[in-house]
Structures are given as structure tokens and as C-alpha cells.
Amino acid sequence: MSFVIAIDGPAAAGKGTLAQALSSHFGFAYLDTGLLYRAVGAAVLAGAEPIAAARSLDPSDLNPNTLRTQAVADAASRVAAIADVRTALVEFQRSFAGRDGGAVLDGRDIGTVICPDADVKLFVTASAQTRADRRFAELTAKGVKTDLAAILAEVRARDDRDQNRAEAPLIAAADAILIDTTDMTAAQALAEAITIVTAKRA
Ligand code: DC
């Protein structure tokens, strides 16, 4: 039996943390679809052509450790606006979603384009300031010297690009349940999501 949880939302809203925790709670497989775009972005930074890079992407390219930089995030957001890049990545995401045993996918267009028939759709968001504060705290904890104003500007620029592109823009599906984590802890967001998924599975 397959059961699909689609989680969409802007950068640094807590989607990844929530998706990972939900997948462990229910024993589902997890795909961070942002990594696909990040891998294409990284290949482009290394000199590749975006569409060719997307078509030749291999799961072994999806290494979160090397793809989590600001430069790669920015390149990912740019290649993600190219229709043929998105098309090249659809099949991999759909076949992941269709696996037996359940899957959680997070991204920007999972509930709208990739898995429009997902069993549960969550749209996870938070204010831009809160998202920038969290990213700042995360980087500072890792010992990275950074600047809050620059992070906030980057969060806003990426929101703007992701929401206003013509192809599969970031938008909540009509049947998505909104979780605004601005004033929530990760544990509270997880508890709310578990309640939603459990009710749907019953
Ligand atoms: O979730 P993330 O920050 O790793 O995503 C990086 C970029 O990839 C993001 O700015 C937009 C793009 N993306 C997308 O267009 N569609 C997805 N399903 C996932 C990510």
C-alpha cells in the first residue's frame, strides 16, 4: 500500500525537519526534492548546462553535505525556473512517491504538480523574519560567521523567485492544510502534523 505525504513551503520554514520526523514516525521513505534542484545547481556552478545536468542526474549526486551552501541554494532556485529542468526531474519524484510502504516528499510543487493526489498535503510556512532568524541561529551554531540582514535579504529574494516563476510556482494546493510555524517549536509542528496524518489514515 502506498500513502503519500506532500509537504510544500518556502525556504527555511521547517519543512525538512518536519518531513524527516514524520517519515521516521510513520516508517515512510523520505525525499527532500530540493536536493534534486541543488544537485543541478551545483553541476551548473561547475560548468554544466542545466537541462543536460537534470537529465543525467544520478541519486548518488544527492549528497546533502555538499549541497547545503548558500551559493548552491541560489543556483538551485535559478535552475528550478527552467521548464525542461523541472520536467526532467518529474519521473524520479513520482516513482519515489509511488513506492510501497509510504513516502514523504518535501519541496515547492509536490502537492500541486508532482503528487496532486497525495493523501495528505501540508503547506508549511513562517514569516520571513522568523525563517531568517532560524537560519542565522543554525549557521552561528555551526560556527559560520554570517549576517542576519544578508540572510533575510536572501530568504526574500528566493521567496520572490520561487513564488513568481511561470513554471510550477510555490503555492499552496487548494486542499493543503496550512501549518504556520512562526510561533511554534519543531515539536509542536510535528505533533500537529502527526494528528493530521493519523486522522487521514484511520
Ligand atoms: O528546499 P531547498 O531550499 O533545498 O530548495 C532549493 C531550491 O530548489 C528552491 O529555492 C526552489 C527549488 N525547488 C523547487 O523549485 N521545487 C522543489 N520541489 C524543490 C525545490
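Our structure's up above, just so we're on the same page.
Because the structure is predicted, anything quoted here is derived from the model rather than measured.

### As for the packing of helix α5 (residues 70-79) against helix α9 (residues 148-164)
Here's step 1: Relative orientation of the contacting elements α5 and α9 amounts to 20 degrees, with a least axis distance of 9 Å. In terms of orientation, α5 lies roughly parallel with respect to α9. For the crossing formed where α5 meets α9, the hand is left-handed. Contacts between α5 and α9 involve Gln70, Ala73, Asp74, Ser77 and Arg78 on the former and, on the latter, Glu154, Arg158, Arg161 and Asp162.
Here's step 2: For the contact of α5 with α9, the per-class residue count stands at one nonpolar, two polar and six charged.

### Digging into the site of the ligand
Here's step 1: Around the ligand, the surrounding shell holds 14 residues, and the nearest of these are Arg38, Arg86, Arg108, Arg158 and Arg165.
Here's step 2: For the ligand, an oxygen atom lies 2.6 Å from a polar atom in the side chain of Arg38.
Here's step 3: In the environment of the ligand, a nitrogen atom lies 3.0 Å from a nitrogen or oxygen atom belonging to the side chain of Asp109.
Here's step 4: Within the complex, the protein chains bury 96% of what would otherwise be the 450 Å² of accessible surface of the ligand.
Here's step 5: Residue assignment for the shell around the ligand shows that the elements contributing at least two residues are α2 (34-45), α5 and α9.

### Focus on the pairing of strand β4 (residues 120-125)
Here's step 1: Buried residues dominate β4, accounting for six of its six residues.
Here's step 2: Here β4 shows a buried face lined by Val120, Leu122 and Val124 and a second buried face lined by Lys121, Phe123 and Thr125.
Here's step 3: One ladder, built from four bridges, connects strand β1 (residues 4-8) with β4; its direction is parallel. Counted as the bridge partner of Ala6 is Lys121 from β4.

### Thoughts on the packing of helix α8 (residues 128-141) against α9
Two quantities define a packed helix pair, namely the angle between the axes and the distance from one axis to the other.
Here's step 1: One way to put it is that α8 packs onto α9 with a least axis distance of 9 Å and a crossing angle of 125 degrees. It follows from the interaxial angle that α8 and α9 lie oblique. Considering how the two elements wind past one another, α8 and α9 form a crossing that is right-handed. On α9, the residues that touch Ala128, Gln129, Arg131, Ala132, Asp133, Arg135, Phe136 and Leu139 of α8 are Leu148, Ile151, Leu152, Val155, Arg156, Arg158 and Asp159.
Here's step 2: Of the residues that constitute the contact of α8 with α9, the class distribution is eight nonpolar, one polar and six charged.

Parameters at a glance
Residues numbered from 1 in each chain as written. Predicted model: local features only at pLDDT ≥ 70, side-chain atom pairs only at ≥ 80, totals over all residues. Heavy atoms only, no water. Axes fitted to C-alpha atoms, helices over the stretch in contact; angles between N-to-C directions. Helix = DSSP H or I, 4+ residues; strand = E, 2+ residues; numbered from the N terminus. Parallel < 35°, antiparallel > 145°, perpendicular 65-115°, else oblique. Left-handed = near helix turned anticlockwise from the far one by under 90°. Contact = heavy atoms within 4.5 Å. Nonpolar A, V, L, I, M, F, W, Y, C, P; charged D, E, K, R; others polar. Near = heavy atom within 4 Å. Polar contact = N/O pair within 3.5 Å; in protein donor to acceptor, adjacent residues only side chain to side chain. Areas by Shrake-Rupley, 256 points an atom, 1.4 Å probe, with all protein chains shown as cover. Buried < 20%, exposed > 50% of the residue type's maximum accessible area, 1.4 Å probe, protein only. Pairing = 2+ DSSP bridges.

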